[in-house]
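# Topology and contacts: notes
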Amino acid sequence: MALLSVIRRWHFREGMPIREITRRTGLSRNTVRKYLASGVVEPRYADRKSPSKLDDYELTLTSWLFRESRRHRKQRRSIKRLHLDLVQLGYAGSYDRVAAFARQWRIEQQDAQNTSAKHTYVPLQFAPGEAFQFDWSEDYVVINGVNTKLQVAHFRLSHSRAFYLRAYLQQTHEMLFDAHYHAFQVFGGVPERGIYDNMKTAVDKVGRGKQRTINQRFQAMVSHYLFEPEFCNPAAGWEKGQVEKQVRDARYQLWQDAPAFHALNDLNNWLQERCLAFWQELAHPQDKRRTLHQYWLTERDSLMAVPVAFDGFVEHTKRVSSTCLITHEHNRYSVPASFANRPISLRVYSDRLVMVAEAQVIACHDRVFSRDHNVPGKTIYDWRHYLSVVQRKPGALRNGAPFEEMPDSFKRLQSLLLKRPGGDREMVDVLALVLLHDEKLVEQAVEAALGIERPSRQHVINCLGRLQDKPLPEPLKPPPALKLVTEPLANTARYDGLREGKS
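How each quantity is defined
Counting restarts for each chain: residues are numbered from 1 in the order of the written sequence. Since the coordinates come from a predicted model, pLDDT governs what is reported: local features require at least 70, and pairs of side-chain atoms require 80 or more to be given and counted, while whole-chain, interface and lining totals use all residues. Excluded from the side-chain calculation are hydrogens and water; included are all heavy atoms of the structure. One requirement defines pairing of two strands: DSSP has to find at least two bridges between them. What counts as a helix is a DSSP run of H or I of at least four residues, what counts as a strand is a run of E of at least two, and both are numbered from the N terminus. Put plainly, a pocket is an open set of points on a 1 Å grid over the protein atoms alone with protein on both sides within 12 Å along at least five of seven lines, a cavity is a set where a 1.4 Å probe fits but cannot get out, and a lining residue has an atom within 4 Å of a point. Grid points are joined across faces, edges and corners, and a volume is the space filled by probe spheres set on the points. Gly is put with the polar residues, along with every residue not named as nonpolar or charged; the nonpolar set is Ala, Val, Leu, Ile, Met, Phe, Trp, Tyr, Cys and Pro, and the charged set is Asp, Glu, Lys and Arg. Excluding any residue in a salt bridge, patches collect residues exceeding 30% relative accessible area, merging like charges within 9 Å and nonpolar Val, Leu, Ile, Met, Phe, Trp and Tyr side chains within 5 Å. In short, Shrake-Rupley with a 1.4 Å probe defines the accessible areas, and a residue's cover is counted only from the protein chains shown. In what follows, salt bridge is the name for a side-chain nitrogen of Lys or Arg lying within 4 Å of a carboxyl oxygen of Asp or Glu. Neither His nor the chain ends contribute to the count of charged residues, in which Lys and Arg are positive and Asp and Glu negative. Lys charges are placed at NZ, Arg charges at CZ, Asp charges at CG and Glu charges at CD. The buried label goes to any residue with under 20% of its type's maximum accessible area, the exposed label to any with over 50%, and the partly exposed label to all in between, with areas taken from a 1.4 Å probe on protein chains only. Stacked, tilted and edge-to-face are the three classes applied to pairs of Phe, Tyr and Trp rings, where Trp contributes its six-membered ring and a pair requires centres within 6.5 Å; stacked means planes under 30 degrees apart, edge-to-face means over 60, and tilted covers the rest. Here, over-ring charges are defined by two tests on the NZ atom of lysine or the CZ atom of arginine: distance to the ring centre within 6 Å, and angle to the ring normal within 35 degrees. Structural elements are reduced to axes, namely lines fitted to C-alpha atoms, with helices fitted over the stretch in contact, and the angle between N-to-C directions of any two is expressed from 0 to 180 degrees. Grouping buried Ala, Val, Leu, Ile, Met, Phe, Trp, Tyr and Cys residues that are joined through side-chain atoms within 4.5 Å yields what is termed a nonpolar core. Only heavy atoms matter for contacts: two residues are in contact if any of them lie within 4.5 Å across the pair.

Turning next to the pairing of strand β11 (residues 325–328). By the bridge criterion, 4 bridges tie β11 to strand β12 (residues 331–334) in an arrangement that is antiparallel. The residue of β12 that forms the bridge with Leu325 is Ser334. Counted between consecutive antiparallel strands, the loop separating β11 from β12 contains 2 residues, among which Glu329 sits at a positive phi close to 55°.

This is the structure we're talking about:
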């Protein structure tokens, strides 16, 4: 390299002829001319090209790699399979040479894609109360002794970076609506915009550019909370990079050290407490001197007040069976017997099911989730729904499955009454009191009747009447001015005198 520098300086700066340079250096004229003509400043050895048995098959292998890269991930042939195909064409080399060629080809393709146009970004800045970002994630935690897969809703205020997490068992509409209400409650208000990906619960169809066909129920929620939805381009998660990073950070900050929980509600309470604690601990990424909580206190004043909760249900039409049951997600729920064999409307919320018919709520049950579809679903009864049936069929009371849910006092009374003739009819009449009186008072009356040796229906009715009797009024204390001087005598004999005089 030093000799090349001397040759270039002698010729281009001092004007020394090539003959003199060859005399001084001992190099041939052709070598000196080659160095001066090429313009090379730093000499390098030419790339060595070793012959390989794969040389004759490079074009074939390259075309195969292009073809496989365009297939679905699960349908691509492995490198071992491609090597076997080359062997059938006559290739006599090793698998390692084919794998090395494929690896180098993938690196070149990735380098070609990593152009400045695709991997250059503009830093974003949001005003207080301007926007929030939303995303779902899948995580696992032990609930009631079972390692349960959860669908976790992530919210993040784009200005203060305050975040909120809430866990569910599904990613359905009713879960999405419930998560928004709880997030807005914790944030203390509603921002102006919400940034989402193209999830199916929000977008029915992705059009060209920013055109979206928004789901009607999602649009109803947006109109209720008065914010503008904004959707990212397909496969462009960096457009909501704050919440994407939050999903990754939560796995290290929350889920890896999460304890076991008795119920899903306990988990959500713990998540809310941890989020609020992190607000106090974490510094703002753009201002290390202040915490997320301090930024949130400033942003909260720019948020719109949270309205009442959106009535976020998903409605289905169900037909009640002859056993007064409807089926939803492999589970069965009871309905009042008067609606048997009739269609009703089922409103599905995140935590409950509401049955509606004739513009009235006829039943409500806590929602039950069955994750294992290989076992029969659960049946949730309300024994009050079957009272009109047992009034016509009192014999069904003895082995009726819904009446296993009765209070213990009712069960004890039933065991005594069914030992005597007509006891099933008596027990049905006692249960019918629930339709006319407060159930707590009826239960107290049954408890009081069980205190005697042979309780009966009449004893329960008498005890219920005494419980419903109003207390006697306090005796009046009239003022002295109204006090009688001569009090009347209670003499009923005078009526006999009047009768004799008339005769």
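A few words now on the layout of surface pockets. Quantified by volume, the largest pocket comes out at close to 960 Å³. Considering the residues around the largest pocket, the lining is formed by 37 residues, among which Leu264, Ser350, Asp351, Arg367 and Phe369 are closest to the centre. Residue assignment for the lining of the largest pocket shows that the elements contributing at least two residues are β2 (146–157), β3 (163–168), α7 (173–187) and α10 (264–281). Partitioning the lining of the largest pocket into residue classes produces 17 nonpolar, 9 polar and 11 charged. In terms of lining, the second largest pocket is formed by 27 residues, of which the most central are Arg156, Arg161, Gly241, Gln242 and Lys245. For the lining of the second largest pocket, the secondary-structure elements that each account for two or more residues are β3 and α9 (241–253). Take the lining of the second largest pocket: its biggest share by element is 7 residues, from α9. Within the lining of the second largest pocket, the residues separate by chemical class into 15 nonpolar, 5 polar and 7 charged.

Residues Arg73, Lys74, Arg76, Arg103 and Arg106 make up a contiguous surface patch of positive charge. Within the fold, Arg73 resides in the loop between α4 (58–69) and α5 (79–88). Here Arg73 falls in the exposed class, since its relative accessible area comes to 59%.

Tallied over the full model, the rule gives 23 aromatic pairs. Residues Phe187 and Trp279 carry aromatic rings whose centres are separated by 6.2 Å and whose planes lie at 20° to one another, so their mutual orientation is stacked. Of this pair, Phe187 sits in helix α7 while Trp279 is found in helix α10, placing the two residues 92 residues apart along the sequence. Classification of Phe187 by relative accessible area gives buried; the value is 0%. Through a chain of ring-to-ring contacts, the aromatic side chains of Phe132, Phe134, Trp136, Phe155, Tyr168, Phe184, Tyr196, Phe218, Tyr225, Phe227 and Phe231 assemble into a single cluster. Of note, Arg24 hangs over the ring of Trp10, and the distance from its end group to the ring centre comes to 5.2 Å. Its guanidinium or amino end placed over the ring of Trp296, Arg300 lies 4.7 Å from that ring's centre, counting from NZ or CZ.

This paragraph deals with the sheet that holds β11. Pairing is mixed in the open sheet, where 3 strands are placed in the order β11-β12-β16. A single partner strand is all that each edge strand has here, and the edge strands are β11 and β16 (379–380).

Considering all chains together, one arrives at 27 salt bridges under this definition. The closest approach of N and O atoms between Arg352 and Asp351, which form a salt bridge, is 3.3 Å.

On to the environment of Thr172, then. Structurally, the position occupied by Thr172 is in the loop between β3 and α7. Here Thr172 falls in the partly exposed class, since its relative accessible area comes to 26%. Distance from Thr172 to Thr201, taken between C-alpha atoms, is 6.7 Å for residues 29 residues apart in sequence.

Before going further, it helps to examine the pairing of strand β4 (residues 193–196). Alternating positions in β4 separate into two faces, Arg193 and Ile195 on one and Gly194 and Tyr196 on the other, with burial throughout. Summarising the sheet, strand β1 (residues 131–143) and β4 pair through 3 bridges and their orientation is parallel. Among the inter-strand pairings, Ala131 is bridged to a residue of β4, identified as Arg193. As paired elements, β4 and strand β7 (residues 228–231) share 4 bridges and run parallel to each other. Across the sheet, the residue bridging to Ile195 is Glu230, located in β7.

So, on to the sheet that holds strand β10 (residues 314–319). Two strands in a sheet stick together by hydrogen bonds in their backbones, pointing the same way (parallel) or opposite ways (antiparallel). Taken in spatial order, the 4 strands make up an open sheet running β10-β13-β14-β15, and their pairing is antiparallel. If you trace the sheet from one side to the other, it starts and ends with β10 and β15 (360–366), each paired once. Within this sheet the neighbouring strands show an average axis-to-axis angle of 25°, counted without direction. Taken together, the 6 bridges between β10 and strand β13 (residues 343–348) define a ladder with antiparallel strand orientation. When the bridges of β13 are listed, Glu315 appears paired with Arg347.

To continue, consider the nonpolar core. Soluble globular proteins: nonpolar side chains tend toward being buried together. Grouped together as the largest cluster of nonpolar side chains are 50 residues, with contacts concentrated most on Trp255 and Leu267. Breaking this core down by element, the ones donating at least two residues are β1, β2, β3, α7, α8 (216–225), α10 and α11 (292–300). The element contributing the most residues to this core is α7, with 8 residues. What Leu267 contacts, discounting residues up to four positions off in sequence, is Val141, Ile143, Leu150, Ala167, Trp255 and Phe261. Grouped together as the second largest cluster of nonpolar side chains are 29 residues, Leu387, Val389, Leu450 and Val460 included.

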